Amino acid sequence: MKKTNISCLALLSLSLTACSPMPKECAETWEKMESFAKSMGISDEQLKQQKKQFENEVKQMKSEEAAKICTMQGTALGFIGQ
């Protein structure tokens, strides 16, 4: 189960390719991802790397596209966290 959660987190992080500056929806999604990762015992160093990657991917997207994707992923994280 833990491997599934880690895989899900990694896929969500990798699937984003973002915008600049980070839309509110993406910031909220990152907070959910970070909370979820911490509850699974992910190290602070791994979280820093994931956040940097997440932000870089978001900066590559158009703002509207990033907001839409982040909203969908934030919703999915809500379901996973329940």
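Remember, it's a predicted structure, so these values are computed and weren't measured experimentally.

Rules used in this analysis
Residues numbered from 1 in each chain as written. Predicted model: local features only at pLDDT ≥ 70, side-chain atom pairs only at ≥ 80, totals over all residues. Heavy atoms only, no water. Helix = DSSP H or I, 4+ residues; strand = E, 2+ residues; numbered from the N terminus. Contact = heavy atoms within 4.5 Å. Areas by Shrake-Rupley, 256 points an atom, 1.4 Å probe, with all protein chains shown as cover. Disulfide = S-S within 2.5 Å.

Q: Would you take a moment to explain the overall build of the chain for this structure?
A: Along the chain, the regular secondary structure elements total 4 helices and 0 strands. Reading the chain from its N end, one meets helices and strands in the order α-α-α-α. In the chain, of all internal contacts separated by at least 6 residues, the share reaching a separation of at least 24 is 86%. Total accessible area on the chain is roughly 5300 Å²; 54% of this is exposed by carbon and sulfur atoms.

Q: Explain the state of the cysteines here, please?
A: The bond known as a disulfide is covalent and runs between the sulfur atoms of two cysteines. The full count for this structure, using the stated rule, is 1 disulfide. Between the sulfur atoms of Cys-26 and its disulfide partner Cys-70 the distance amounts to 2.0 Å. Across the S-S bond of Cys-26 and Cys-70 the torsion is about 90°, and the bridge reads as right-handed. Separated by 44 residues along the polypeptide, Cys-26 in helix H2 (residues 24-39) and Cys-70 in helix H4 (residues 63-81) bring together distant segments of the chain.

In short, shape yes, function no, at least from these values alone.
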